[in-house]
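Examining the three-dimensional arrangement
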Amino acid sequence: MTASMPATILILNGPNLNLLGSREPDLYGSETLTDIEAACHDHAKGLGLTIDFRQSNNEGEMVNIIQEVRESAAGLIVNAGALTHTSVAILDALLALEQPVVEVHLSNLFRRENFRHHSFVSQAACGMICGFRSQGYLMALDALAHMLKEKSEA
Ligand code: CA2
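Below is a short write-up of the structure. Here the residue numbers are simple positions, counted from 1 along each chain's written sequence. In keeping with the model being predicted, local features are shown solely for residues with a pLDDT of at least 70 and side-chain atom pairs are shown and tallied solely at 80 or more, while totals for entire chains, interfaces and linings include all residues. Side-chain calculation: all heavy atoms of the structure are included, whereas hydrogens and water are not.

1. A look at the site of the ligand
We call a residue near a given molecule or strand whenever any one of its heavy atoms falls within 4 Å of it. Looking at the ligand, there are 15 residues lining it, with Asn79, His85, Leu106, Ser107 and Arg116 nearest. Nitrogen and oxygen atoms within 3.5 Å of one another constitute a polar contact, given that in protein one can donate a hydrogen and the other can accept it, and given that sequence-neighbouring residues count only through two side-chain atoms. At 2.9 Å from an oxygen atom of the ligand is found a side-chain nitrogen or oxygen belonging to His105. Within the side chain of Ser107, a nitrogen or oxygen atom sits 2.5 Å from an oxygen atom of the ligand. Residue burial considers only the protein chains on display, and all accessible areas are found by Shrake-Rupley using a 1.4 Å probe. Summarising the interface, the protein chains cover 95% of the accessible area of the ligand, which totals 510 Å² for the free molecule. Residue classes follow a fixed rule: Ala, Val, Leu, Ile, Met, Phe, Trp, Tyr, Cys and Pro count as nonpolar, while Asp, Glu, Lys and Arg count as charged, and any other residue, Gly among them, counts as polar. When grouped by side-chain class, the residues that make up the shell around the ligand number 7 nonpolar, 6 polar and 2 charged.

In structure tokens, the structure reads:
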């Protein structure tokens, strides 16, 4: 990568997040995933970053996407949806990366059912942001920008 190319952040969204905006606004907010993607694009631009925004309803496809960006992404933001609580395959794919991972959830997992209190993704993440709805994605971009700047100055 040359000095003039902005670093790319993969933002990976899991099952059912394509339905955002259609139901459950109290939990997840009223924005669609397309709205969130647009906000992330704008915010990333201001941070000197570019984004690769993806969504999949399929665990294997999510593993493939994570493997695909091993060389190209400077960092990852992951909202694995319900697979957060079940997927060792996604955890293993994330553990195989050297790039920083920030976990995001729209809802506050710890105010919800017990089964949502455990996250496999957290074991591969620098940190988790949950409960701030779509704002969490922008907070995660800020966190990654800060980490990447520190790394480049070290
Ligand atoms: O809070 C989050 O971001 C979650 O990752 C969302 C997942 C849930 O399984 C996790 O425990 C927490 C569910 C996403 C489903 O989103 C929908 C949105 C509208 C209508 C139906 C589902």
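2. Quick notes on the packing of helix α3 (residues 59–68) against helix α4 (residues 88–95)
Close contact between α3 and α4 brings their axes to 9 Å; oriented N to C, the two are set at 0 degrees. Judged by the angle between their axes, α3 and α4 are roughly parallel. Across from Glu59, Met62, Val63 and Ile66 in α3, the residues of α4 making contact are Ala89, Ile90, Ala93 and Leu94. Of the residues in the contact of α3 with α4, the class split is 7 nonpolar, no polar and 1 charged. To obtain each axis, a line is fitted to C-alpha atoms, and for helices this fit is confined to the stretch in contact; angles are then taken between N-to-C directions over 0 to 180 degrees. Starting at the N terminus, helices and strands are each numbered in turn, a helix being any DSSP run of H or I of at least four residues and a strand any DSSP run of E of at least two. Geometric relationships in this document are graded by angle, where less than 35 degrees denotes roughly parallel, more than 145 denotes roughly antiparallel, 65 to 115 denotes roughly perpendicular, and other angles denote oblique. Any two residues whose heavy atoms approach within 4.5 Å at even a single point are treated as in contact.

3. Concerning α3
Each turn of an α-helix holds 3.6 residues, which means side chains three or four residues apart point in the same direction. Relative accessibility thresholds used throughout: buried, under 20% of the residue-type maximum; exposed, over 50%; partly exposed, between the two (1.4 Å probe, protein chains only). Restricting attention to buried positions, one finds in α3 the residues Met62, Val63, Ile65 and Ile66. With its buried residues spanning 160 degrees around the axis, α3 presents them on a single face. The N-terminus of α3 is capped by Asn58, whose side-chain oxygen sits 2.9 Å from the backbone nitrogen of Gly60. Note: the arc covers the axis-to-C-beta directions of the helix.

4. Regarding the layout of surface pockets
Its boundaries defined by the atoms lining it, the largest pocket holds a volume of some 400 Å³. In this structure, the largest pocket is lined by 20 residues; those nearest its centre are Pro15, Asn16, Leu17, Tyr28 and Gly81. In terms of residue class, the lining of the largest pocket is built from 9 nonpolar, 7 polar and 4 charged. The space that makes up the second largest pocket amounts to roughly 160 Å³. In this analysis the probe radius is 1.4 Å and the grid spacing 1 Å, with only protein atoms considered; a cavity is a set of points the probe fits into but cannot get out of, a pocket is an open set with protein on both sides within 12 Å along at least five of seven lines, and lining residues have an atom within 4 Å of a point. Lining the second largest pocket we find 11 residues, and of these Ala7, Leu49, Ala74, Leu148 and Ser152 sit closest to its centre. Here the lining of the second largest pocket gets 4 residues from one element, more than from any other, and that element is helix α5 (residues 135–153). Grid points are joined across faces, edges and corners, and a volume is the space filled by probe spheres set on the points.

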